[in-house]
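Working through the structure, step by step
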Amino acid sequence: MAANFWESTQRRHWQFSKDELAQMRENLEESEQSLVQMFPLPQRRHLNIYFNQQLGRLGKRLGVRQQALATAQTYLKRFYCTVEIRRTNPYLVIATALYLACKMEECPQHIRLVVSEARTLWPDSLTLDISRLGECEFYMISEMHSQLIIHQPYRTLTSLQSDLFLSQDEANLALSIINDHYMTDLPLLYPPHIIALTAILLALVLRPNSPGGTATNMAAATAALMQAQAQAPGRTSSSNSSQNSVGVSDKERQQEARLNKVQRYAGFLTESNVDIEGMVDCTQELISFYECHEQYNDKITREQINRFVKARGLDKP
Amino acid sequence: MSLTNPPSAASGPASVSARPQTLKRSVQAAFEDPNDRGAKGGYQSKVKVMDKYRVVGFISSGTYGRVYKAHGRQGQPGDFAIKKFKPDKEGEQIQYTGISQSAIREMALCSELRHDNVIRLIEIILEDKCIFMVFEYAEHDLLQIIHHHTQQPRHNIPPTTVKSIMFQLLNGCQYLHTNWVLHRDLKPANIMVTSSGQVKIGDLGLARLFNKPLHSLFSGDKVVVTIWYRAPELLLGSRHYTPAIDLWAVGCIFAELLSLRPIFKGEEAKMDKKTVPFQRNQMQKIVEIMGLPNKERWPLLTSMPEYSNLSTLTPPILHPGHHHHPHHPHHPHHHKSSSAAASTSYLERWYSSTINGHTSTSSPASNGSLTSLGTEGYRLLAGLLEYDPEKRLTAAQALHHPFFGGAGSASGMGMGNASSAERISGNCFEGLKTAYPTRRVSQDDNDIRTSSLPGTKRSGLPDDSLRPVKRVKDA
Ligand SMILES: Nc1ncnc2c1ncn2[C@@H]1O[C@H](COP(=O)(O)OP(=O)(O)O)[C@@H](O)[C@H]1O
Ligand SMILES: [Mg+2]
């Protein structure tokens, strides 16, 4: 239920396997073949990046906090599981998701204000009035079967921050990784605590300038997870690198402290009996998302979206 | 596409004025792709209320809309209660105006909750600018049951029934609270009872999650809970909501099950302009039975925003001869200890005169007198009607109270427990010889689609403060 993720509608109805998700999307595209062919769209992660940006812009104008943005992003994802994007005006859907999320996250915005900010933000792509937004709200809630309570990874992060002795930098990094995961499919695939734990892991191992880049980071993350997986519950960590710490440089010492932290974290994961395989998969998804982010082209994405919106007259009510 | 929304069927004469517009739109609709739902043109529900349910009568009209009794048309077993939220009107035409935050909360929470002692939501249908919440049907509610016992000859609710109701009510409450849901409007009218004697907490219209981390429950809300059931900390200006508020209300309901009338029946001071008035009359009613609160028993009392108002209340006057308590100070600061001692005994006196009282006319042959509830009944009542919210019993603690024979948890319910003195039935009607009258269902207005009252959404609601001001008057 509300606080109990395991009995929540999120867990029961909105968490899919990768195959299920792929199947749903395939079905959707098949039923809309001609539309899909007529209006090619960028890959989904790039669409998500674009939606995330637009949502962020609207959120900023309204002064909406991150929790509500995250909920809005989840609503978008759920909605587009059952509705073909090309049948909608994504700007309208974004505005609606945010309006609804704000009510659910106890930071309500007056519908009038949402409408006027959305109009200012997207003057050419969306003709909007209160009634149109209100109607789309009905549509969205109906597609989600009124299942509006969203469990987010932030709570896990907050509660573990001190237990795991995360530095402020590490916690911030984990936080921004959680924010980023809303641009992937992960919210539809894994429970929020797995996301949070993965974000913490990455925050501990990711180093932006590390030689070898992504590959190194991925390797470090996977190694830690392998270690966690290999350890039988209760067994203490065998390897220890802190023995020969005499005469090493500061940098090396830092490096070593970090390694220790990662090892301790691996121990924690082992003891908590979490879904390590799920974390491995989340790690891969996130790393590949960051790679794919580098290929993102804002202009092309925007143009492709605006093209079907205009051509199909979806900008007008 | 708006053609598919029967245009303004719900508004009588309004549909006339709406017609030209609709016509124009329907022409336009002919050129549009009918699959561009929602995001363009017209949203249309995939499920139609009238295809699925047959309304058999009208139950109640509330602040938000109406409740109807219905049967399934597609072989769904059982009866249903359909709560219809009225759409907003802009002038004469029904418009989408955005769903109120309280309706959103009720929809979202009811969709998550699953417990035997919480009313079960079947589905929500959003159709024709209206929201239809379909619930399992409950034949009775506590208001109606209490009322039945006040009818001549006035007779008390049998003690086994009281116990079962309380146990189930607390069980539902515990479920809500462990799931971080505050009900905030517990009162007899909102506690449903099915024909098989299952108690179901209903009306989550004011309920809220209290685990939203970055956001305590301070914000916006000023008024919560029908005044007779409102906890003293709220009356004294606390803006911090805790589960304890629900347990005060449960205490009030317990008292009402015993005496058949609201224990603290105050008059609500109306809100004038922007200032929230001190609810003097309500607080006075509480003080008359509970005595004045003091900071020995409630350490944080003095920091309550309305603390200063307490000194203007009249402490209870005991009838001479009934009690050794001599004289009553008109100021809470004096004679602290004497009023501390007194406050329990006032309630104790109320309790013993209630369970032994003349209102209880049941013969030994019928379902028993309330005296059997004994001192444990008093202790439970006092634990729930505890001034200090921090000392007030929690739902979990109350369930373990000796009053219930130490049955303790849901597992004890309905099962004979060898070690405990008695068993609490999961059917509050068990052992009763007579049945309660069924819910009144009227035929006046059972057209769920066309019935229309002047705009009657939940209004003036504390946290709907973002709604246009004019609606505050609608209630
Ligand atoms: N599930 C139900 N079965 C039967 N009657 C119900 C049901 N739910 C509500 N009612 C009746 O409708 C009344 C109003 O419903 P409620 O949910 O309390 O709305 P309100 O917000 O107006 O108080 C209740 O007091 C009860 O008499
Ligand atoms: Mg009610």
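Residue positions are given per chain, counting from 1 as you read along its sequence in written order. Chains carry letters from A onward and ligands carry numbers from 1 onward, assigned in written order. Per-residue local features of the predicted model are confined to residues with pLDDT of at least 70, and side-chain atom pairs are confined, for both listing and counting, to 80 or more; whole-chain, interface and lining totals are unaffected and use all residues. Excluded from the side-chain calculations are hydrogens and water; all other atoms, namely the structure's heavy atoms, are used.

So, the overall build of chain B
A run of H or I in DSSP becomes a helix once it reaches four residues, and a run of E becomes a strand once it reaches two; helices and strands are each numbered from the N terminus. Within chain B, the secondary structure is distributed over 12 helices and 12 strands. Contacts are assigned to residue pairs that have any heavy atoms within 4.5 Å of one another. Partitioning the intrachain contacts of chain B with sequence separation of at least 6 by distance along the chain shows that 68% fall at a separation of at least 24. Looking at chain B as shown, the accessible area adds up to about 20,300 Å², and 56% of this sits on carbon and sulfur atoms. Where accessible areas are quoted, they stem from the Shrake-Rupley method and a 1.4 Å probe; at the residue level, only the protein chains shown are allowed to cover.

Description of the coordination of the magnesium ion (ligand 2)
When four donors bind a metal tetrahedrally, each ideal donor-metal-donor angle is 109.5 degrees, and when six bind octahedrally, the ideal angles are 90 or 180 degrees. Residues and elements named next belong to chain B. Water is not among the atoms examined, so metal sites may look incomplete; donors are the N, O and S atoms within 2.8 Å of the metal, or within 3.2 Å for Na, K and Ca. The protein atoms that coordinate the magnesium ion (ligand 2) are Asn 190 (OD1) and Asp 203 (OD), at distances spanning 2.0 to 2.2 Å. Placement of the pair is Asn 190 in the loop between strand E9 (181–182) and strand E10 (191–193) and Asp 203 in the loop between strand E11 (199–201) and strand E12 (208–209), with a sequence separation of 13 residues. Think of it in three bands: residues with accessible area under 20% of the maximum for their type are buried, residues over 50% are exposed, and the middle band is partly exposed, with areas taken using a 1.4 Å probe on protein chains only. On the basis of relative accessibility, which here comes to 6%, the residue Asn 190 falls in the buried class.

A short note on the packing of helix H4 (residues 44–62) of chain A against helix H16 (residues 298–311) of chain A
Between two packed helices, what matters for the description is the angle formed by their axes and the separation of those axes. Residues and elements named next belong to chain A. Throughout, an axis means a line fitted to C-alpha atoms (over the contacting stretch in the case of helices), and angles, computed between N-to-C directions, take values from 0 to 180 degrees. It is at 10 Å that the axes of H4 and H16 come closest, and there the two elements cross at 85°. Overall, the two elements H4 and H16 adopt an arrangement that is roughly perpendicular. Side by side, H4 and H16 meet where His 46, Leu 47, Tyr 50, Phe 51 and Gln 53 of the first sit next to Asp 298, Thr 301, Arg 302 and Ile 305 of the second. Note that the term roughly parallel is reserved for angles under 35 degrees, roughly antiparallel for angles over 145, roughly perpendicular for angles of 65 to 115, and oblique for everything else.

Overview of the UniProt feature "domain: Cyclin-like" (unreviewed entry) in chain A
Mapped onto this structure's residue numbering, the UniProt feature "domain: Cyclin-like" (unreviewed entry) falls at residues 53–142 of chain A. Taken end to end, residues 53–142 of chain A is 73% helix and 0% strand, and its first and last C-alpha atoms sit 25 Å apart. UniProt positions are given in the numbering used here, feature names are shortened, and annotations may be inferred rather than shown by experiment.

Topic: the domain arrangement of chain B
All names here are of chain B. Those domain boundaries reflect an automatic or database domain assignment. Assigned domains of chain B: these are domain 1 (20–139 + 439–466) and domain 2 (140–404). Contact residues are listed per partner, giving 23 residues for domain 1 and 31 residues for domain 2. The contact between domain 1 and domain 2 buries some 2,200 Å² in all, and 57% of this surface belongs to carbon and sulfur atoms. We count a salt bridge whenever a side-chain nitrogen from Lys or Arg sits within 4 Å of a carboxyl oxygen from Asp or Glu. Joining domain 1 to domain 2, the criterion identifies 3 salt bridges. The partner of Asp 141 in a salt bridge is Arg 439, and the shortest N-O contact between them spans 3.0 Å. In protein, a polar contact means a hydrogen-donor-capable atom and an acceptor-capable atom, both N or O and within 3.5 Å, with residues adjacent in sequence counting only if both atoms are side-chain atoms; elsewhere, any N or O pair within 3.5 Å suffices. The interface formed by domain 1 and domain 2 holds 13 residue pairs in polar contact (both at pLDDT 80 or more) in total. Per-element tally for the side of domain 1 that touches domain 2: the top contributor is helix H3 (residues 101–112), with 6 residues. A class-by-class count of the residues in the side of domain 1 that touches domain 2 yields 9 nonpolar, 3 polar and 11 charged. Throughout, buried area stands for the accessible area (probe radius 1.4 Å) lost by two parts on being put together, summed over both. In this classification, Asp, Glu, Lys and Arg are treated as charged, Ala, Val, Leu, Ile, Met, Phe, Trp, Tyr, Cys and Pro as nonpolar, and every other residue, Gly included, as polar.

Considerations on the environment of B:Asn190
All names here are of chain B. Taking the C-alpha atoms as reference points, Asn 190 and Asp 444, 254 residues apart in sequence, are found 23 Å from one another. Ignoring sequence-local partners within four residues, the contact set of Asn 190 consists of His 183, Asp 185, Lys 200, Ile 201, Gly 202 and Asp 203. Within the structure, Asn 190 has its side chain in polar contact with the side chain of Asp 203 (distance 3.3 Å).

What to know about helix H9 (residues 154–163) of chain A
Each α-helix turn comprises 3.6 residues. Residues three or four places apart therefore point the same way. All names here are of chain A. Looking only at H9, the buried set comprises Tyr 154, Thr 156, Leu 157 and Leu 160. In an axial view of H9, the angular spread of the buried residues amounts to 145°, which keeps them on one side of the axis. Opposite the buried face of H9, by more than 90 degrees, sit the exposed residues Thr 158 and Ser 162. Residues of H9 that are buried sit in contact with helix H5 (66–82), helix H10 (168–181), helix H12 (192–205) and helix H14 (250–272). By arc we mean the arc of the directions from the helix axis to the C-beta atoms, nothing more.

Structural notes on the packing of aromatic side chains
A pair of Phe, Tyr and Trp rings is counted when the ring centres sit within 6.5 Å of each other, with Trp represented by its six-membered ring. The angle between the planes then sorts it: under 30 degrees is stacked, over 60 is edge-to-face, the rest tilted. Under the definition given, this model contains 24 aromatic pairs over all chains. Summarising the aromatic geometry, the rings of B:Tyr53 and B:Phe80 are spaced 5.2 Å apart at their centres and angled 75° between planes, so their arrangement reads as edge-to-face. With a gap of 27 residues between them, B:Tyr53 in strand E1 (residues 53–61) and B:Phe80 in strand E3 (residues 79–85) connect regions that are remote in the sequence. B:Phe80 shares its class with B:Tyr53; the two are buried. Judged by centre distance (5.7 Å) and plane angle (20°), the ring pair of B:Trp248 and B:Phe264 falls under stacked. Linking B:Trp248 in helix H7 (residues 244–259) with B:Phe264 in the loop between H7 and helix H8 (280–290), this pair joins segments that are 16 residues apart in sequence. Each member of the pair, B:Trp248 as well as B:Phe264, carries the same accessibility label: buried. What links up through ring pairs into an aromatic cluster is the set A:Phe51, A:Phe79, A:Tyr80, A:Phe138, A:Tyr139, B:Tyr43 and B:Tyr96. The ring of B:Phe403 has B:Lys163 sitting right over it, with the charged end atom 4.8 Å from the ring centre. Here the guanidinium or amino end of B:Arg184 rests over the ring plane of B:Tyr241, the centre of that ring lying 5.5 Å away. Lysine NZ or arginine CZ positioned within 6 Å of the ring centre and within 35 degrees of the ring normal marks a charge as sitting over the ring.

What about the pairing of strand E2 (residues 65–72) of chain B?
Residues and elements named next belong to chain B. E2 sits mainly inside the fold: 6 of its 8 residues count as buried. When DSSP locates at least two bridges between a pair of strands, those strands are taken to pair. When E1 meets E2, the two strands line up antiparallel, connected through 7 bridges. Paired with Phe 58 across the bridge in E2 is Tyr 68. Summarising the sheet, E2 and E3 pair through 7 bridges and their orientation is antiparallel. Along E3, the bridge assignment pairs Val 67 with Lys 83.

Concerning H7(B)
Residue and element names in this part refer to chain B. Spanning 16 residues, H7 covers 23 Å between terminal C-alpha atoms, matching the ideal 22 Å at 1.5 Å per step. The element H7 is largely enclosed, with a buried count of 16 among its 16 residues. Where H7 terminates, the next one or two residues include Leu 260, which has phi positive at roughly 70°. In this scheme, a helix's expected span is set at 1.5 Å multiplied by one less than its residue total.

Observations concerning the sheet that holds E10(B)
All names here are of chain B. As summarised here, the arrangement of the 3 strands in space is E8-E10-E11, forming an open sheet in which the pairing is antiparallel. Where the open sheet ends on each side, the last strands, each with one partner, are strand E8 (140–141) and E11. Across 3 bridges, E10 lies against E11 in antiparallel orientation. Across the sheet, the residue bridging to Ile 191 is Ile 201, located in E11. In this fold helix H5 (residues 159–178) packs onto E10 and E11, with an angle of close to 35° to the strand it touches most, E11.

What about the domain arrangement of chain A?
Interface size is often expressed as the accessible area that is lost when the parts come together. All names here are of chain A. Domain boundaries in chain A define domain 1 (15–33 + 40–150) and domain 2 (154–293). Averaged C-alpha coordinates put domain 1 and domain 2 at centres separated by 31 Å. Listed per partner, the contact involves 21 residues of domain 1 and 17 residues of domain 2. Taking both sides of the interface into account, the surface hidden between domain 1 and domain 2 amounts to around 1,700 Å²; carbon and sulfur atoms contribute 59%. Broken down residue by residue, the surface that domain 1 buries against domain 2 is led by Lys 18, Arg 45 and Lys 77, which jointly contribute 32%. Summed over the shared surface of domain 1 and domain 2, the number is 3 salt bridges. Asp 281 is the partner of Lys 18 in a salt bridge, and the nearest nitrogen-oxygen pair spans 2.9 Å.

As for the side chain of A:Thr283
Residue and element names in this part refer to chain A. Mapped onto the elements, Thr 283 comes out in helix H15 (residues 276–294). Here Thr 283 falls in the buried class, since its relative accessible area comes to 1%. A distance of 2.6 Å separates the side chain of Thr 283 from the backbone oxygen of Met 279, its partner in a polar contact. Filtering out sequence-adjacent residues up to four positions away, Thr 283 remains in contact with Thr 198, Leu 201, Leu 202, Met 218, Ala 221 and Leu 225.

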